[in-house]
Amino acid sequence: MEDLKTGAEITWCPGCGNFGIFTAIRNAIPILEEKGIKRENVVITAGIGCHAKIFDYLNLSGIYGLHGRNCSNSEGIKIANPDLKVINFSGDANGLAEGLTHTMFAAKRNQDITFILHNNSVYALTTGQFSPLAEKGWKGPSTPRGSYEEPFNPMSLMIEAGATFVARSFAGDIKHLTDIMVQGVEHEGFSFIEVLQPAVPYHKWAEYRERVEYLEKEPETYFEAIKAAKEKHKFTIGVFYRTTRPVYHKELYDDHNPVTQKISREIRLDKIRKFLSDK
Amino acid sequence: MNNDVFTFLVGGKAGEGVKKAGSVASHIFSSMGRHVFQMDDYMSLIRGGHNFSVISTAHRWISSHYMKANLVVNFDKRSCETHVNDIAENGIMIFNSDEQELENGIGIPLTSEAEKYPMKNLMFGVGAVAILAATIGFEKEEMNQIIKDEYPRGIENNIEFASTIYDIVYPDCGNKFFLEKGDRERPIITGNEAISLGAIAGGLDVYYGYPMTPASTILHTLAREAENFGLAVVHAESEIAVINMAIGSAFTGARAMVGTSGGGFALMTEGLSLAGITEAPVLIILSQRPGPATGVPTYTEQADLAFALSAGHGDFLRIVASPTTVREAYYLTAEMLDLVWKFQTPGILLTEKHLSESSMTVEIDLEKSKWAEPKMYKDGNYKRYQDKDDGISPMLFPPSKKIIKWNSYEHDELGITTEDAKKISFMHDKRNKKLETLIDYLKEQQIVKIIRGENNSNIFTYGSTYMSVLEALRCGSLNPTTVAPIYLNPLPIWELKEFKNQDNIVIEQSSTGQFTKLLKEKAGLNVRNTIKKYDGRPFDPLELSMKIKEVLE
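Counting restarts for each chain, with residues numbered from 1 along the sequence as it is written. Naming scheme: in the order in which they are written, chains are lettered from A and ligands are numbered from 1. Only residues with pLDDT of at least 70 get local features here, since the model is predicted, and only at 80 or more are side-chain atom pairs given and counted; chain-wide, interface and lining totals rely on the full set of residues.

### Brief notes about helix α17 (residues 514-523) of chain B
All names here are of chain B.
Link 1 in the chain: With C-beta atoms placed from the backbone, the exposure class of a residue follows from how many other C-beta atoms lie within 10 Å of its own: 20 or more, buried; 12 or fewer, exposed; in between, partly exposed. What counts as a helix is a DSSP run of H or I of at least four residues, what counts as a strand is a run of E of at least two, and both are numbered from the N terminus. Those residues of α17 not exposed but buried are Q514, F515, T516, L518, L519 and A523.
Link 2 in the chain: Check the buried side of α17 and you find it contacts α11 (305-310), β17 (457-460), α16 (493-496), β20 (503-508) and β21 (527-532).
Link 3 in the chain: Immediately downstream of α17, the backbone of G524 shows phi near 60°, a positive value. C-beta atoms are first placed from the backbone for all residues, and any pair lying within 7 Å is then listed as a contact.

Pasting the structure below:
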């Protein structure tokens, strides 16, 4: 497990929920390896925010992208070389504010990537402004009278957008989170995992632990899933939706791989010659 | 003055097959072994409005259309009004007599003849081809074969209609124009086709785009050819997604390219900067249309030069080059793809609607195109941003047991985030070294086009305006030296030095003279006069030659 750390100095606040996510992913990788997924085939992306520091700490290859845009990096990786397993880390502002369109479209396309949403419901790194998943009334430096917006419901939003694996877990339940991460990476298609993740300057672990409940039964149909996503309170953890649908890269070029099955220069020039002779 | 050129102009409403008729005419000329230049002028709409195509053909290389046409075919009244002054001396205009009566010109009842057929709206184009065939002395059988090949839907109706129009036209102006046959048939392609093919020849693996005129046809061409060449071609949700996807693909070693126009490029600039710091090789095709903002979507301009040269926040190397001809667009795209991989930095191929969407006969030596190859990691410790004398860190792609980290934060050699003062300046210095390496490399290449003349004045131009200038000089029998830098960043000042204090004239399509400013500031060039055009239309060679004459005198 230790070898999944880069050794870079960790600067999350002591007690931050991000440590739980960091532990769970380092648990999940060896399990995935046992299941036949090679470690060198796993690549990660992160956006910008407290979530993203995981990029520097986790000893895996990848891209530390721009705020809100790493989902597009993830898609570009998968499209170019579908042999790679992409794990996309995101905060709730990174993925649902600046990056909302990209998240929605990646789900719509059923891109075969795993999207882990660190839901701390606050802009922690930039000193506590309200975020897309913050409760209405959140008092931060940009909303001194309390925010005016209702938060998104990430579960129903992603089911609606087209994600084919939609789950919620909790940074305080490493076993549950590890298991959900493994399932998410194994799932062929867009896996969306929301992780309840307290940011200690702003939240108390006790409040999370008191409220977290397990979804008693995994919904079996789309409408059951939507119903569960809408009716269950937002501390309900478990798999809300799981289905199969063709993944984007296979729709695009079947079993081809643009990088590993690149067409040689000679063949390309011959084909161009043919193209020109028809013009 | 331009007796060696024959020009055909066809105009009508959008949806009447104007452009198709234009390209059929181009193919007729090229099949005669002649050189062709076709410019399509169309509005940003689907039906109605006014569209026209102008095709000029010559026995020698021709690099522009001429607005004075020998044969003008107008489908409607608006077209007659628009092109009343576009008829050359000894030229003829053929108009639709169902729309209006005119004293000058030959009226043909195009509408009433077309109405006899079920697809009447699609018949006008066939009619235009029949008119051209009759006036340049084609036999009916030759014409019928062309109609069959080019208009395969409802062949019999099309041939019958063409025959009727041919018979109406022939008595008045049959065989009026004699077009000498040339040596051999050449392919006709648009600038965007040349860019697409050049990219494929250079090793393109993935292309991302969001539709925006005049770059969209790169997306269309590559999407059509994706399977044939094993490419991934994706129409994404925005230009922001497009550039970030391309960077993701480049991380895997895929040769990635994106294409857009000014507005879409503005959205890409954040990602351009990401490519700068992550040292991601990404090629951006920026095909300009008149701005600012939405501007004039389907017309041409060169007003994004200054933007392209400085786009993206922060210090990083942006390679910017602009092809001067359709043929060169092929070579330059492959070369730019190679350069962005050699130097691991973003590159911008700057072009214009006039090159992107005009088509011309080309002769391309395919083997001459470059193949994009990066410097690869061999052995030892792998560090993504390893310091090297030339600033270029060897590359490695996943899957690999080595850790490959690309980072948008300032980082150390391993790609781990840093805020350390020494490491920040160290990494800036490391990246900045690439400019010197690039200049040394470019000094060995031919990156400025210089045609030595006899006048004491020099003409500076770039991009597709170069084609207009060459044609203007030819038709005006003018002989100044012309200089066209292909690379705009780094600007090859070492090649421009000799002209510094001479009498220089700049020709460009920007209202504020952005190219002039660049030459003055970067190359210290003395510029006496700038000939500008900024009405969205490319230069007409005749008009331009008169302007050049005035300035030279």
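### Brief notes about the pairing of β17 of chain B
Residues and elements named next belong to chain B.
Link 1 in the chain: Whether two strands pair depends on DSSP finding at least two bridges between them. Alignment of β17 against β20, held across 4 bridges, turns out to be parallel. Within β20, the residue paired with I459 across the bridge is I505.
Link 2 in the chain: Here 3 bridges tie β17 to strand β18 (residues 481-485), and the two strands are oriented parallel to one another. Each bridged residue has a counterpart across the sheet, and for F460 the counterpart in β18 is V483.
Link 3 in the chain: If you view a crossover with the strands going away from you and the path from the first strand over the helix to the second runs clockwise, you call it right-handed. The β-α-β motif built from β17, the intervening helix α15 (residues 465-475) and the parallel element β18 has right-handed crossover chirality.

### Brief notes about the sheet that holds strand β5 (residues 87-96) of chain B
All names here are of chain B.
Link 1 in the chain: An order of β6-β5-β4-β1-β3-β2-β14-β7 is seen for the 8 strands of this open sheet, with the pairing classed as mixed. Two strands in the sheet have a free side with no partner beyond their single neighbour: β6 (106-108) and β7 (188-190). Strand-to-strand twist in this sheet, taken as the mean axis angle between neighbours without regard to direction, amounts to 15°.
Link 2 in the chain: This element, helix α6 (residues 155-173), spans β5 and β6 of the sheet and lies at about 165° to β6. Angular values range over 0 to 180 degrees, each being the angle between N-to-C directions of two axes fitted as lines to C-alpha atoms, with helices fitted over their stretch in contact.

### A short note on the sheet that holds strand β10 (residues 236-242) of chain A
Link 1 in the chain: Read across the open sheet, the 9 strands follow the order β9(A)-β10(A)-β7(A)-β8(A)-β4(A)-β3(A)-β1(A)-β2(A)-β15(B); overall the sheet is mixed. Strand pairing shows two members of the sheet lacking a second neighbour, β9 (213-214) of chain A together with β15 (405-407) of chain B, which therefore form its edges.
Link 2 in the chain: Where strand β4 (residues 113-119) of chain A lies against strand β8 (residues 191-196) of chain A, 6 bridges are found, and the strand directions are parallel. When the sheet's bridge partners are listed, H118 of chain A is paired in β8 of chain A with V195 of chain A.
Link 3 in the chain: Together, β4, β7 (165-170), β8 and β10 of chain A form the strand contacts of helix α6 (residues 154-161) of chain A, whose direction differs from that of β7 of chain A by roughly 160°.

### Description of the interface of chain A and chain B
Link 1 in the chain: Across the contact, 48 residues belong to chain A and 47 residues belong to chain B.
Link 2 in the chain: Taken together, the elements giving at least two residues each to the side of chain A that touches chain B come down to β2 (62-64), α3 (70-80), α5 (100-108), α10 (248-253) and α11 (265-277) of chain A.
Link 3 in the chain: Among the elements that line the side of chain A that touches chain B, the one with the most residues is α11 of chain A, at 9 residues.
Link 4 in the chain: Where β2 of chain A and β15 of chain B come together, 3 bridges link them in parallel fashion. If you follow Y64 of chain A over to β15 of chain B, its bridge partner there is N407 of chain B.

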